[in-house]
Amino acid sequence: MSFLDIRYYKHLTSTIDRNLDFSAFMDFEHHYQTSVNKEQYSIEKAYFSYQESRTEDTIDPKLQSIIDMESKLLGVLVNMERTGIYVDAEKLRSIGEDITQESKHKELEIYDLVGERFNINSAKQVQNILFEKLKIPVSKKIKTGYSVDNEALSLIGQKYEIANIILQYRTLEKLRSTYIDGLLKVINPETKRIHTTYNQLGTSTGRLSSEAPNLQNIPSGSGYSAQIKSCFCPQSSEFSFLVADYSQIELRILASLSGDKALTEAFLRWEDIHTRTAHFLFWEHTVITSELRRIAKSVNFWVIYGITGFGLSKVINSSPAEATQYIDAFYAMYPWVRAYYQSVLDGAQKNGYVETFYGRRRYIPGVRDSNKMIRAWAEREAINMPIQGTEADVIKFAMMELADFFKKDSYKSRMLLQVHDELVFEIHTSEKEIMETKIRSIMEGIFPGNIKLLVDIHTGANWSEAKG
DNA sequence: ACAATGGTCC
DNA sequence: ACTCGGACCATTGTA
């Protein structure tokens, strides 16, 4: 277990138990950061330092179970990293050429409209062109001047076509720079595959992060995004892709943790939860249009984040007052959720931390701060962490069980990626049936809450085809 | 090198 | 009044 290096210790201090003296560890970390060979740090060293610096004598058994899980998970992650994922470089390059061509075209179109050449990639220069030269009214301000981000340009685009073309140009450039050039650069020449690195220490909720490259933010839309995603595929024809994702896992966990009757019943009756919320929010409408459902979906989504009416209003394009009404209506519909949130905040006040279903902790000192803004921020963090963190715990436990299963009978199929609520597999043709059955049963069976977790499974010849 | 801005994902 | 749940990365521009 030589991979259980210093990352593990850092994880303990940062996401599991922040109540530690960090100084004993600084030397260790310095060596880690300057070291070429990460493997030289053993679990024994890390664990020793951890014990040395603990301020309590005993460790909460629930916390210990998380520590044990993380220890074992590291080996699973290392296997996934080493396995990597194949990318059709030729296809990716060819898509890149299409994008470049279209991008060049947009570029010229912009110069033509403006009557001047400038660097469209520079926010500053775009500001100058739009607001100084073309005298377009400002829609949104930022620290250093006038914003030209997506939100601002979309507004401007209602009247000035130039903003829409800049948006289109940006989208193309984003795809080209980050996902074409960026990915081509990190294909391993020996394996022809991309090997990401999972960071177990990167988040404060217990989620994994993925870096060098980040394979957790590959675009998922249609058009070029789908084309890029389709470049992720099996290396040989004996394999296909399988994507298994938890369906509405946050809301299901919220239902279990809060025990809310209405939310629980809705799930037990297999109702469409977004439509149900929409019916309640827009009770005066007899027909729920897709637009109304979209708003209700945003409300459901952002209530989990502990967001304010102001924030929600930006997402659903309404006034803050209207958005606040929606949030209040949500709480009226699911009163136990509000009570549950209150109990989470009370716990944060009392203990200084909040915890997941499995006992993973996040220390939140801000809930005791005298500054109202800081406190409000801390409260949103506190409300979100048990849900997002439990989700992270659930999929991590599932991954470990899946890894055991794959290993036990020496299957040829492999687990390749984790994207927070989704796992990507490379499935050998001969193992298709058993894999579908087992992956579903392991993932759905891991969480013992009142509400059963649901897993959607899609298969296909590549990542794009296999997505939901 | 580093901050600011912007954009992609769950 | 309000820039807000959790991440990583590219580009520009300044130090």
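Source: prediction; values computed, not measured. One numbering rule holds for all chains: residues counted from 1, following each sequence as written. Starting at A for chains and at 1 for ligands, labels are handed out in the order in which the entities are written. Reporting of local features is limited, given that this is a predicted model, to residues whose pLDDT is at least 70; pairs of side-chain atoms are given and counted only at 80 or more, and all residues count toward the totals for whole chains, interfaces and linings. Note that water and hydrogens are dropped before the side-chain values are worked out from all heavy atoms of the structure.

All right, on to the nonpolar core then. Within this scheme, the nonpolar core is defined by two criteria: the residues are buried Ala, Val, Leu, Ile, Met, Phe, Trp, Tyr or Cys, and they are joined through side-chain atoms within 4.5 Å. Exposed residues in this analysis have more than 50% of their type's maximum accessible area, buried residues have under 20%, and partly exposed residues fall in between, with area computed by a 1.4 Å probe over protein chains only. Counting residues in each nonpolar core, the largest one holds 108 residues, and the members touching the most others are Tyr-246, Phe-425 and Ile-439. Runs of E in the DSSP output that reach at least two residues are strands. Runs of H or I that reach at least four are helices, and both are numbered from the N terminus. Broken down by element, this core gets its largest block of residues, 15 residues, from helix α17 (residues 372-408). Sequence-distant contacts of Phe-425, defined by excluding residues within four places in its chain, comprise Ser-240, Phe-241, Leu-242, Ala-244, Leu-402, Phe-406, Arg-414, Met-415, Leu-416 and Ile-439. In this structure, Ile-110, Phe-118, Ile-136 and Ala-163 belong to the second largest nonpolar core, which totals 19 residues. Here, residues are in contact when the closest pair of their heavy atoms is within 4.5 Å.

Two side chains bearing opposite charge may form a pair once their charged atoms approach each other closely. Put simply, a salt bridge is a Lys or Arg side-chain nitrogen that is within 4 Å of an Asp or Glu carboxyl oxygen. Applying the stated criterion across every chain yields a total of 20 salt bridges. Residue Glu-70 is joined to Arg-360 by a salt bridge in which the shortest nitrogen-to-oxygen separation is 2.6 Å. Here the residue Glu-70 occupies a position in helix α4 (residues 61-83), and Arg-360 occupies one in the loop between β8 (353-355) and β9 (361-363), the gap between them amounting to 290 residues. Both residues of the pair, Glu-70 and Arg-360, belong to the buried class. Among the ionic pairs, Asp-181 bridges to Arg-176, the shortest N-O distance being 2.7 Å. Asp-181 sits in the partly exposed class, given a relative accessible area of 32%. Residue classification places Arg-176 among the partly exposed residues on the basis of a relative accessible area of 21%.

Turning our attention to the sheet that holds strand β12 (residues 455-460). By this definition, two strands are paired if DSSP reports at least two bridges between them. What the four strands build is an open sheet, ordered β10-β11-β7-β12; its pairing is antiparallel. Edge positions in the sheet fall to β10 (414-418) and β12, since each has one partner strand and no second. Averaged over neighbouring strand pairs, the angle between their axes works out to 25 degrees when direction is ignored. With seven bridges joining them, strand β7 (residues 239-246) and strand β11 (residues 422-428) adopt antiparallel strand pairing. Each residue of the ladder has a partner; that of Ala-244, found in β11, is Leu-423. α17 contacts β7, β10 and β11 of the sheet and is inclined by roughly 165 degrees relative to β10. Lines are fitted to the C-alpha atoms to define the axes, a helix being fitted only along its stretch in contact, and any angle between axes, read from their N-to-C directions, falls within 0 to 180 degrees.

Being near a molecule or strand, for a residue, means having at least one of its heavy atoms within 4 Å of it. Within the structure, DNA strand C sits among 31 residues, and Ser-122, Ala-212, Phe-310, Gly-311 and Trp-377 are positioned closest to it. Close to the protein, within 4 Å, the atoms of DNA strand C belong to sugar or phosphate groups at a rate of 68%. Measuring from a phosphate oxygen of DNA strand C, one finds a side-chain N or O atom of Lys-124 at 2.9 Å. Contacts described as polar in this section are N or O atom pairs within 3.5 Å, which, within protein, must combine one atom able to donate a hydrogen with one able to accept it, while residues neighboring in sequence count only if both atoms come from side chains. In this structure, Ala-212 approaches DNA strand C through a main-chain N or O atom, which is 2.6 Å from a phosphate oxygen.

Now for the layout of surface pockets. A volume near 920 Å³ is recorded for the largest pocket. Site definitions follow a grid-based scheme: protein atoms alone, a 1 Å grid, a 1.4 Å probe that fits but cannot get out for cavities, and for pockets an open set with protein on both sides within 12 Å along at least five of seven lines, plus lining residues having an atom within 4 Å of a point. Looking at the largest pocket, it is lined by 31 residues, and the ones nearest its centre are Asp-245, Glu-250, Phe-301, Asp-421 and Glu-422. At the level of secondary structure, the elements contributing two or more residues to the lining of the largest pocket comprise β7, α10 (249-258) and α13 (290-304). When residues in the lining of the largest pocket are grouped by element, the largest group, five residues, is from α13. In terms of residue class, the lining of the largest pocket is made up of eleven nonpolar, nine polar and eleven charged. By volume, the second largest pocket is sized at about 500 Å³. Val-76, Asn-79, Ala-403, Asp-404 and Lys-407 are, among the 16 residues lining the second largest pocket, the residues nearest its centre. Secondary-structure elements contributing two or more residues to the lining of the second largest pocket are α4, α17 and β10. Grid points are joined across faces, edges and corners, and a volume is the space filled by probe spheres set on the points. We call Asp, Glu, Lys and Arg charged. Ala, Val, Leu, Ile, Met, Phe, Trp, Tyr, Cys and Pro are nonpolar, and the rest, Gly among them, are polar.

Moving on: the side chain of Ser-464. Tracing the sequence through the fold places Ser-464 in the segment after β12. With relative accessibility at 18%, the residue Ser-464 sits in the buried group. At a separation of 3.4 Å, a polar atom in the side chain of Ser-464 contacts the main-chain carbonyl oxygen of Ala-226. Other than its neighbours up to four places away in sequence, Ser-464 contacts Ala-226, Lys-229 and Ser-230.

Near DNA strand B there are 22 residues, and of these Thr-144, Arg-170, Arg-207, Asn-217 and Asp-421 occur at the shortest range. At the protein interface, 80% of the atoms of DNA strand B within 4 Å belong to sugar or phosphate. One of the backbone N or O atoms of Val-148 is found 2.9 Å from a phosphate oxygen in DNA strand B. Interatomic distance of 2.8 Å between a side-chain N/O atom of Asp-421 and a sugar or linking oxygen of DNA strand B. Split by residue class, the surface near DNA strand B holds seven nonpolar, nine polar and six charged.

Attention shifts here to the state of the cysteines. Only a pair of cysteine sulfur atoms within 2.5 Å qualifies as a disulfide here. Under the criterion given, the structure shown has zero disulfides. The thiol of Cys-231 is not disulfide-bonded; the next cysteine sulfur, from Cys-233, is found 7.4 Å away. Cys-233 gets classed as buried once you look at its relative accessible area, which sits at 12%.

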